[in-house]
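Examination of the molecular architecture
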Amino acid sequence: MTFCYAPWTNVDISPIGNITPCCKFQSQYYSDKFNMAVDSLEKYVNSNLLTTVKQDWIEGKWPAGCERCRIEETNGIASKRQLDYERWQSHYEHYNINSDQEFLTASMAFGNTCNLKCITCSPQSSSKWQKEYFDIYNIDVKPVKFYKQNFVEEFANKTNGLIHLDIPGGEPLLTGVDEQRQLLQLYIQSGQADKISLHYTTNATVFPDQTWWDLWQHFKEIDLQISVDGVGHRFEYIRYPASWSEVEDNINKYLSIDASNFRISVSHTISAYNIYYLDEFVSWCHNMNLPKPWMGKVHTPAHMRPGVWPAEIRQLISQHLNQSQHTEVLTWAKAMQNLDESVYWHDFLQYLKQHDQHRSLDFCKTFPELALFVK
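Residues numbered from 1 in each chain as written. Predicted model: local features only at pLDDT ≥ 70, side-chain atom pairs only at ≥ 80, totals over all residues. Heavy atoms only, no water.

Moving on, we get to the sheet that holds strand 4 (residues 164-167). Reading across the sheet, the 8 strands line up as 2-1-3-4-5-6-7-8 and stay open at both edges, with mixed pairing between neighbours. Taken across any chain shown, the strands that pair with only one partner, and hence form the sheet edges, are strand 2 (19-20) and strand 8 (294-297). The sheet contact formed by strand 1 (residues 10-13) and strand 2 spans 2 bridges and is antiparallel. By the bridge assignment for strand 2, Asp12 is matched with Thr20. (Pairing = 2+ DSSP bridges. Helix = DSSP H or I, 4+ residues; strand = E, 2+ residues; numbered from the N terminus.)

Turning our eyes to something else, we now look at the environment of Leu83. Relative to the elements of secondary structure, Leu83 occurs in helix 5 (residues 80-93). Judged by relative accessible area, Leu83 falls into the partly exposed class, the value being 31%. Once residues lying within four places of it in the same chain are set aside, the contact partners of Leu83 are Ala78 and Trp294. (Buried < 20%, exposed > 50% of the residue type's maximum accessible area, 1.4 Å probe, protein only. Contact = heavy atoms within 4.5 Å.)

For the rest of this paragraph, the subject is helix 13 (residues 311-321). Listed in full, the buried residues belonging to helix 13 are Ile313, Arg314, Ile317, Ser318 and Leu321. Axial view of helix 13: buried residues confined to an arc of 140°, hence all on one face. Those residues of helix 13 that are buried lie in contact with helix 12 (278-287), helix 14 (327-335), helix 15 (345-359) and helix 17 (368-371). (Arc of directions from axis to C-beta.)

With that settled, the discussion passes to the environment of Thr9. Following the sequence through the fold, Thr9 ends up in helix 1 (residues 6-9). According to the relative accessible area criterion, Thr9 is buried, its value standing at 0%. Along the primary structure Thr9 and His91 are separated by 82 residues, whereas in three dimensions their C-alpha atoms are 9.7 Å apart. Setting aside its immediate chain neighbours within four residues, Thr9 contacts Tyr92, Tyr95, Glu102, Phe103, Leu104 and Thr105.

Our focus in this paragraph is the nonpolar core. In terms of nonpolar packing, the biggest core is built from 77 residues, with Phe155, Leu165 and Trp216 touching the most fellow members. With 5 residues, the top contributor of residues to this core is helix 8 (residues 177-190). Each residue touching Leu165, except ones within four places of it in the same chain, is listed here: Ala106, Ser107, Met108, Phe155, Leu183, Tyr187, Ile196, Ser197, Leu198 and His199. Counting 34 residues, the second-largest nonpolar core is a separate cluster that includes Val282, Trp309, Phe363 and Leu370. (Core = buried A, V, L, I, M, F, W, Y, C linked by side-chain atoms within 4.5 Å.)

Two quantities define a packed helix pair, namely the angle between the axes and the distance from one axis to the other. Direction vectors running N to C along helix 4 (residues 67-74) and helix 5 enclose 90°, while the axes themselves pass 8 Å from each other. Considering the angle they form, helix 4 stands roughly perpendicular to helix 5. Packed against helix 4, whose contacting residues are Cys69, Glu72 and Glu73, the element helix 5 presents Lys80, Arg81 and Gln82 at the interface. Along the lines of polarity and charge, the residues of the contact of helix 4 with helix 5 split into 1 nonpolar, 1 polar and 4 charged. (Axes fitted to C-alpha atoms, helices over the stretch in contact; angles between N-to-C directions. Parallel < 35°, antiparallel > 145°, perpendicular 65-115°, else oblique. Nonpolar A, V, L, I, M, F, W, Y, C, P; charged D, E, K, R; others polar.)

All right, on to helix 3 (residues 48-58) then. Buried within helix 3 we find Leu49, Leu50, Val53, Lys54, Asp56 and Trp57. The buried residues of helix 3 occupy an angular sector of 160° when the element is viewed end-on, so they sit on one face. Directly after helix 3, the chain includes Gly60, whose backbone phi takes a positive value near 75°.

On to the environment of Phe373. On the secondary structure map, Phe373 appears in the segment after helix 17. Considering only alpha carbons, one finds Phe373 and Ile313, 60 residues apart in sequence, at a separation of 7.8 Å. What Phe373 contacts, discounting residues up to four positions off in sequence, is Trp309, Ile313, Leu316 and Trp345.

Below, the structure written as structure tokens:
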């Protein structure tokens, strides 16, 4: 039976403070909404939303809010649900969903401060996006700081049994730094730190100063996941206005770190922009002696999903990817035969041109193999 433990064992707090069972959860299907600026974790835990989601899983049904994992699994792509179960299976098997109430894992973004405006991102997750988003979409999203009084203490008290904490962004080494360090210090003081693994998702443009390393040495594991969506000029286009040489320099610094509790991992967000170049990226990881990347598809914005290309172009992309020697690339070659999201094709073309103009970039020069199809 398909089942997910996240509604019982995990809590996710987004860059704008929204509280959900996990980072993939689609809350638009539910009337109840919770945000750390105005709601307590206790209120969320006892909510009708969480009760409904839990009951769906108990009955063997996919909750509406869990469609992202359902779609990925349908297309043969390992979902967050599956990856979490694989990693935390021994803990889940000892967790009683009828009586245990502690969170085992959590994800806490300490705001949306960021120094990049990656093309597949949004102002909800990156403060850098504000002006461009307003200019193109006529929506003004202010930089976010959702903290309320005693916010850090409340979170620490509710996570007494924590074994893993994700800290995404914004850019986690720039956003809510004082509050982050306060939380880590509380875990150190409580004696929890050596039982907790920390996972950061960083754009690799910022290298942590010594204060971070002094805190991290107390924790069970530090997994610094570099989020890289391309190589060279394609990276700089997608992760605007990052410098590829600067990022490669920082990655080499990370690779030279000699600490028993430190490891580096890689994430790669697959979109309409980079799906054709997946083999190039995985090969770069291999050549850099980096671990195999975690790869997940863009869901929002919908017009940037990898399946947005018309059927004949998706077929060409699939054929190209099928030439790869990397099994994970072959998985996406197969997935592209089924991912029909071409209903958003004209939106993709429209916004591609508007973003290029706003940023003084040129899609056709950066992605020449795909240029013919966007004329």
